[in-house]
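The primary structure of each chain is shown beneath.
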Amino acid sequence: MFMQIFEYNGSALVAMVGKNCFAIASDRRLGVQLQTIATDFQRISKIHDRLFLGLSGLATDAQTLYQRLVFRHKLYQLREERDMKPETFASLVSAILYEKRFGPYFCQPVIAGLGDEDKPFICTMDSIGAKELAKDFVVAGTASESLYGACESMFKENMEPEELFETVSQALLASVDRDCLSGWGGHVYVV
Amino acid sequence: MVKPAKGTTTLAFIFKEGVMVAADSRASMGGYISSQSVKKIIEINPYMLGTMAGGAADCQFWHRNLGTKCRLHELANKCRISVTGASKLLANILYSYRGMGLSVGTMIAGWDETGPGLYYVDNEGGRLKGMRFSVGSGSPYAYGVLDNGYRYDMSVEEAAELARRAIYHATFRDGASGGVASVYYVGPNGWKKLSGDDVGELHYRYYPVMPSTVEQEMFEVTGA
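Residues numbered from 1 in each chain as written. Chains lettered and ligands numbered in written order. Predicted model: local features only at pLDDT ≥ 70, side-chain atom pairs only at ≥ 80, totals over all residues. Heavy atoms only, no water.

Focus: unusual backbone geometry
Residues and elements named next belong to chain A. Unlike most non-glycine residues, Q33 shows phi in positive territory, near 55°. One can find Q33 in the loop between strand 3 (30–32) and strand 4 (35–38). The class of Q33 is partly exposed, set by a relative accessible area of 25%. (Helix = DSSP H or I, 4+ residues; strand = E, 2+ residues; numbered from the N terminus. Buried < 20%, exposed > 50% of the residue type's maximum accessible area, 1.4 Å probe, protein only.)

Digging into the packing of aromatic side chains
One pass over the structure, following the stated rule, counts 15 aromatic pairs over all chains. Relative to A:F106, the ring of A:F6 has its centre 5.9 Å away and its plane inclined at 85°; by these criteria the two rings are edge-to-face. Here the residue A:F6 occupies a position in the segment before strand 1 (12–17), and A:F106 occupies one in the loop between helix 2 (86–99) and strand 7 (107–114), the gap between them amounting to 100 residues. Taken together, A:W184, B:Y168, B:F172, B:Y206 and B:Y207 form an aromatic cluster joined through their ring pairs. For B:R165, the ring lying beneath its charged end belongs to B:Y206, and the centroid distance is 4.0 Å. (Phe/Tyr/Trp six-rings, centres within 6.5 Å; stacked < 30°, edge-to-face > 60°. Lys NZ or Arg CZ within 6 Å of the ring centre and 35° of its normal.)

Thoughts on the nonpolar core
Residues and elements named next belong to chain B. In terms of nonpolar packing, the biggest core is built from 26 residues, with L11, F13, F15, M20, M154, L162 and A163 touching the most fellow members. When contributions to this core are tallied by element, the ones reaching two or more residues are strand 1 (10–15), strand 2 (18–23), helix 3 (139–149), helix 4 (156–173), strand 11 (180–187) and helix 5 (199–206). For this core, the element with the highest residue contribution is helix 4, accounting for 10 residues. Residue contacts for L162: discarding those within four places in its chain leaves F13, V145, L146, G149, Y150 and M154. (Core = buried A, V, L, I, M, F, W, Y, C linked by side-chain atoms within 4.5 Å. Contact = heavy atoms within 4.5 Å.)

Considering the pairing of strand 10 (residues 137–141) of chain A
All names here are of chain A. Of all five residues that make up strand 10, five are buried, and the element is covered over most of its length. Side chains of strand 10 alternate between two faces, with F137, V139 and G141 and V138 and A140 buried alike. Two elements, strand 1 and strand 10, share five bridges in a ladder whose sense is antiparallel. The residue of strand 10 that forms the bridge with V14 is V139. (Pairing = 2+ DSSP bridges.)

Digging into the interface of chain A and chain B
Taken residue by residue, the interface counts 15 residues in chain A and 21 residues in chain B. Taken over both partners, the interface formed by chain A and chain B buries close to 1700 Å², and the fraction arising from carbon and sulfur atoms is 58%. Seen at the junction of chain A and chain B, the total is zero salt bridges. The tally of links between chain A and chain B comes to eight residue pairs in polar contact (both at pLDDT 80 or more). It is strand 4 of chain A that contributes the most residues to the side of chain A that touches chain B, three residues altogether. Split into classes, the residues belonging to the side of chain A that touches chain B amount to five nonpolar, four polar and six charged. (Buried area = accessible area lost by both parts, 1.4 Å probe. Salt bridge = Lys/Arg side-chain N within 4 Å of Asp/Glu carboxyl O. Polar contact = N/O pair within 3.5 Å; in protein donor to acceptor, adjacent residues only side chain to side chain. Nonpolar A, V, L, I, M, F, W, Y, C, P; charged D, E, K, R; others polar.)

Notes on the pairing of strand 5 (residues 41–45) of chain B
All names here are of chain B. Counting buried residues in strand 5 gives four out of five residues, a clear majority hidden from the surface. As defined by bridge partners, strand 5 adjoins strand 6 (residues 48–51) across four bridges and the pair is classed as antiparallel. For I42, the partnering residue across the bridge sits in strand 6 and is G50. Counting the residues in the hairpin turn of strand 5 and strand 6 gives two residues.

A few points about the sheet that holds strand 7 of chain A
Residues and elements named next belong to chain A. Taken together, the five strands give an open sheet; going across it, the order is 5-6-7-8-9, and neighbouring strands pair in antiparallel fashion. With one partner strand each, in any of the chains shown, strand 5 (44–48) and strand 9 (131–134) form the two edges of the open sheet. Adjacent strand axes in the sheet meet at a mean angle of 20°, parallel and antiparallel pairs treated alike. Of the pairings in the sheet, the one linking strand 8 (residues 120–125) to strand 9 comprises four bridges and is antiparallel in character. Within strand 9, the residue paired with T124 across the bridge is E132. Taken strand by strand, helix 2 contacts strand 5, strand 6 (51–57), strand 7, strand 8 and strand 9, and its axis lies near 10° from that of strand 8. (Axes fitted to C-alpha atoms, helices over the stretch in contact; angles between N-to-C directions.)

Here's the deal with the pattern of salt bridges
Considering all chains together, one arrives at 17 salt bridges over all chains under this definition. A salt bridge links A:K156 to A:E163; the shortest N-O distance between them is 2.4 Å. Assessed through its relative accessible area of 43%, A:K156 is described here as partly exposed. Note that B:D153 and B:R151 form a salt bridge whose closest N and O atoms lie 4.0 Å from each other. Overall, B:R151 belongs to the partly exposed group, its relative accessible area being 40%.

Focus: the UniProt feature "active site" (unreviewed entry) in chain B
Residue and element names in this part refer to chain B. In the numbering used here, UniProt assigns the "active site" (unreviewed entry) feature to T8. One can find T8 in the segment before strand 1. Residues in contact with T8, not counting those within four places in the same chain, are D24, K40, M52, A53, V135, G136, S137, G138, D174, A176 and S177. Of the polar contacts made by the side chain of T8, one reaches the side chain of D24; its length is 2.8 Å. (UniProt positions renumbered as here; feature names shortened; annotations may be inferred.)

As structure tokens, then:
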């Protein structure tokens, strides 16, 4: 079956803002077009205690990009002697993606973090680094259209962590049930 | 928007007691799941079943058409049509539409005077007689389980469990198969639906979750 490069591995990612907290969730399937290879694949990684990065799209590019970003963050920590703010990290990701403008990484990152005074920050970008900031939720992956619909209807402002967890999980599960290429449960991080 | 591979898993096999027919129930359009509750086993008449793989409209229409032709045969000849005859009727129709873009990968399973019968018929006009078939994008996975567990002298329950397991394993690996695993049995008195289990529930039945150590628990955040 002919598939696009972004649909080669399949993925579903969503991040949502709550009251002084955020949640970021992904599915767990890794596939090669229609065949499922693994049901416990990690798409979300921790950059530091208050900053998480999820990478959807081609899995090999996601892994490489993650390694490069961790490297850059460690250098930053050594130089500045502190963790990166989420807004700064988003700009870093955007710059690294645009470096490869004419031979891009086939990934769509979702960044979620807590900034100063525990203000939650989420953003997503396309594969060449165009940032999309949002105040409520961001989605990425093969199930993104379903995710938009599910989040739009389930989202409420200022949710507490437990309620945010429930909302994010239900939105993710409902959307991946309508997508052949993502599924097999979810990983949810609430900070 | 023609999909070359038929996104589904169907299987059928002959054993000592009759024919076992099983299928999943997912319909996909590219990556989007359009339905999880499609009936892929079509009841042509009370003693013959057809499976659907490929275009849903094509399969439904031509199976119903086949059912009509079988009934006409009964009325004209005062005896039931054989599985051989029915599958030949369908194969000839599909051959005449060859190259026009029909998408049909079906198995005709039934019980006639000569005993159990199973034929594979497709939109290229091919028709094959056999003991075990699986059709669809999930068929390689189903064949693995089916070929490994098959014996001619199984009981009805053993055969049903084999068919169910084969469909479950195909839905696990294949993204275009899923939903409900339906299992039908065709015996000397006609077909009977044996079970329809959600493959998600079958997963936990075959691989129950073992209690494991908790990695991270949610705890109250103080002073947020």
